Amino acid sequence: MSRKKPIVFVTRKLPDVVETRMRELFDTRLNADDHPMTQAELTAAVAEADVLVPTVTDRIDAAVLAKAGPNLKLIANFGNGVDNIDVESANNRGIAVTNTPGVLTEDTADMTMALILAVPRRMSEGLKVMESGEWTGWSPTFMLGRRIWGKRLGIIGMGRIGQAVARRALAFGMSIHYHNRRRVPAEIEDRLEATYWESLDQMLARMDVVSIHCPHTPATYHLLSGRRLKLMKKEAYLVNTARGEVVDENTLARMLEAGDLAGAGLDVFEHEPAVNPKLVKNDHVVLLPHLGSATLEGRIDMGEKVIINIKTFMDGHRPPDRVLPSML
């Protein structure tokens, strides 16, 4: 490897401490005004870069990768997932892909638990009442929500984040159920007092709250299809802090509007940043602007992972967070 610093393109603004460290180590090109880069800008970046550092808002598809210059050897994604990157195309072109797993676990689990509490207890509706100035005082039957203690939580995807949510929910007195591609080890099930469901359909029909924690892959696109959403109880709540594409958002919006589901807490959307207007208008839905991992500490940890992946790769070693097509 040459001693020349690698050219690293960063597609969005990152915390100052991360950008400063990147500039010390690499020939770093930053996005000072944090505008979402166009496909033309991404194409220009991959033509010149040794390393591209994209985020979830950047679509690094086969068309962009086809314009990659001979020096592009690494795409170090600033994010937990890699659904914004055509990993197979990159791999076929000899371009390694990495991500930043693990560091977002506790922050995303905290936000999930906040939604699990906020939706049944009608916090968003209560906030609107207070902001409107229409509250006339306490009443025994005013804005009654639903208790979460003793309710069944169905977790879809029992990876790091799913398990962290289960720990929190257990402390709130919820009964833990889960569906996963593979059953987790018995010691984890015992610690979380978790019940495994091989059939997602059967689990959905029995849960009071369903929380999504699987990645978005071709296999999980609309995993919660219209058919599956209709299996849920009318009194149930859906929470999603994973990826919007996992849920058929149109069907979800129609069901909530018709009262076929009690409510939803959503931090991610199928066509971000666009949100279905029916969801925006519905009082039984709590919407957040993709805040799941939005802590300063989490973002700095992500940046440090990106830097380690780039440094390790440039030193001629396998980066710790490499993602292969076979893993998806």
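Just so it is clear, the structure is predicted and the values come from calculations on it, not from any experiment.

## Remarks on the overall build of the protein
Then, in step 1: On a plain count of helices and strands, the protein comes out with 13 helices and 12 strands.
Then, in step 2: Relative to the 2.2 N^0.38 estimate, which gives 20 Å for 328 residues, the radius of gyration of the protein is 21 Å and therefore close to what a compact globule would have.
Then, in step 3: Reported as C-alpha extents along the three principal axes, the dimensions of the protein are approximately 70 × 50 × 30 Å.
Then, in step 4: Residue burial in the protein is summarised as follows: out of 328 residues, 50% are buried.
Then, in step 5: A fraction of 59% describes how many contacts in the protein between residues 6 or more apart in sequence connect residues 24 or more apart.
Then, in step 6: Element-wise, carbon and sulfur atoms account for 53% of the exposed surface of the protein, whose accessible area totals about 16200 Å².

## A short note on helix α1 (residues 16-25)
Then, in step 1: Among all positions of α1, only Val-18, Glu-19 and Met-22 are buried. Down the axis of α1, the smallest arc covering the buried residues is 95 degrees, so these residues share one side. What points out from α1, more than 90 degrees from its buried face, is the exposed set Asp-16 and Arg-23.

## Notes on the sheet that holds strand β4 (residues 74-76)
Then, in step 1: With parallel pairing, the 5 strands of this open sheet are ordered in space as β2-β1-β3-β4-β5. One side of each edge strand has no neighbouring strand; the edge strands of this open sheet are β2 (27-29) and β5 (96-98). On average, each strand axis in the sheet is tilted by 20 degrees relative to the strand beside it, whichever way the strands run.
Then, in step 2: As judged from the 3 bridges shared by β4 and β5, these two strands associate in the parallel manner. When the bridges of β5 are listed, Ala-76 appears paired with Thr-98.
Then, in step 3: The strands touched by helix α2 (residues 39-48) are β1 (7-10), β2 and β3 (51-53); relative to β1, the strand with the most contacts, the crossing angle is about 165 degrees.
Then, in step 4: Contacts from helix α13 (residues 296-314) reach β1, β3, β4 and β5, with the element oriented near 165 degrees to β4.

## Here we look at the UniProt feature "domain: D-isomer specific 2-hydroxyacid dehydrogenase catalytic" (unreviewed entry) in the protein
Then, in step 1: Mapped onto the present numbering, the UniProt feature "domain: D-isomer specific 2-hydroxyacid dehydrogenase catalytic" (unreviewed entry) falls at residues 20-323.
Then, in step 2: Secondary structure over residues 20-323 splits into 37% helix and 13% strand, and the C-alpha atoms at its two ends are 26 Å apart.

## Here we look at the UniProt feature "domain: D-isomer specific 2-hydroxyacid dehydrogenase NAD-binding" (unreviewed entry) in the protein
Then, in step 1: UniProt's entry tags residues 113-292 with the feature "domain: D-isomer specific 2-hydroxyacid dehydrogenase NAD-binding" (unreviewed entry), counted in the numbering of this structure.
Then, in step 2: Note that residues 113-292 is 33% helix and 16% strand, and that its end C-alpha atoms are spaced 11 Å apart.

## Notes on the nonpolar core
Then, in step 1: The biggest cluster of nonpolar side chains holds 28 residues, and the ones touching the most others in it are Ile-156, Ile-212, Leu-229, Met-232, Leu-238 and Leu-252.
Then, in step 2: Residue assignment for this core shows that the elements contributing at least two residues are α9 (200-204), β9 (209-212), α11 (249-258) and β11 (263-266).
Then, in step 3: Broken down by element, this core gets its largest block of residues, 4 residues, from α11.
Then, in step 4: Not counting residues within four places of it along the chain, the set of residues in contact with Leu-252 comprises Leu-229, Leu-238, Val-247, Leu-261 and Leu-266.
Then, in step 5: In this structure, Ile-148, Ala-164, Tyr-178 and Ala-194 belong to the second largest nonpolar core, which totals 27 residues.

## A closer look at the pairing of strand β10 (residues 237-240)
Then, in step 1: Burial of β10 is two-sided: the residues Tyr-237 and Val-239 facing one way and the residues Leu-238 and Asn-240 facing the other way are all buried.
Then, in step 2: Bridge count between β9 and β10: 4 bridges; the pairing is parallel. Across the sheet, residue Val-210 finds its bridge partner in β10, namely Leu-238.
Then, in step 3: Relative to β11, β10 runs parallel, the two being bridged by 4 bridges. In the strand pairing of β11, Leu-238 is matched with Ala-264.
Then, in step 4: At this point the chain moves from β10, through α11, to the parallel β11, and the crossover so formed is right-handed.

## With respect to the sheet that holds β10
Then, in step 1: With respect to topology, 7 strands assemble into an open sheet ordered β8-β7-β6-β9-β10-β11-β12, the strand pairing being parallel. Since the sheet does not close on itself, it has two edges, and those belong to β8 (194-196) and β12 (285-287), each with one partner. Direction aside, neighbouring strands of the sheet carry axes that sit 20 degrees apart on average.
Then, in step 2: Along the sheet face, helix α7 (residues 160-171) touches β6 (152-156) and β7 (175-179) and points at about 170 degrees away from the line of β6.

## Section: the side chain of Thr-251
Then, in step 1: Relative to the helices and strands, Thr-251 is located in helix α11.
Then, in step 2: Beyond its immediate chain neighbours, meaning those up to four positions away, Thr-251 contacts Gly-226, Leu-229 and Lys-230.

## Brief notes about the side chain of Glu-249
Then, in step 1: Tracing the sequence through the fold places Glu-249 in helix α11.
Then, in step 2: For the buried Glu-249, which has no salt bridge, the nearest side chain bearing the opposite charge is Arg-254, at an N-O separation of 11 Å.
Then, in step 3: If we ignore the near neighbours within four places in the chain, the residues touching Glu-249 are Phe-269, Glu-270, Val-275, Asn-276 and Leu-279.

Rules of the game
- Residues numbered from 1 in each chain as written.
- Predicted model: local features only at pLDDT ≥ 70, side-chain atom pairs only at ≥ 80, totals over all residues.
- Heavy atoms only, no water.
- Helix = DSSP H or I, 4+ residues; strand = E, 2+ residues; numbered from the N terminus.
- Rg over C-alpha atoms; globule rule 2.2 N^0.38 Å.
- Buried < 20%, exposed > 50% of the residue type's maximum accessible area, 1.4 Å probe, protein only.
- Contact = heavy atoms within 4.5 Å.
- Areas by Shrake-Rupley, 256 points an atom, 1.4 Å probe, with all protein chains shown as cover.
- Arc of directions from axis to C-beta.
- Pairing = 2+ DSSP bridges.
- Axes fitted to C-alpha atoms, helices over the stretch in contact; angles between N-to-C directions.
- UniProt positions renumbered as here; feature names shortened; annotations may be inferred.
- Core = buried A, V, L, I, M, F, W, Y, C linked by side-chain atoms within 4.5 Å.
- Right-handed = clockwise from strand over helix to strand, strands pointing away.
- Lys, Arg positive; Asp, Glu negative; His and termini not counted.
- Salt bridge = Lys/Arg side-chain N within 4 Å of Asp/Glu carboxyl O.

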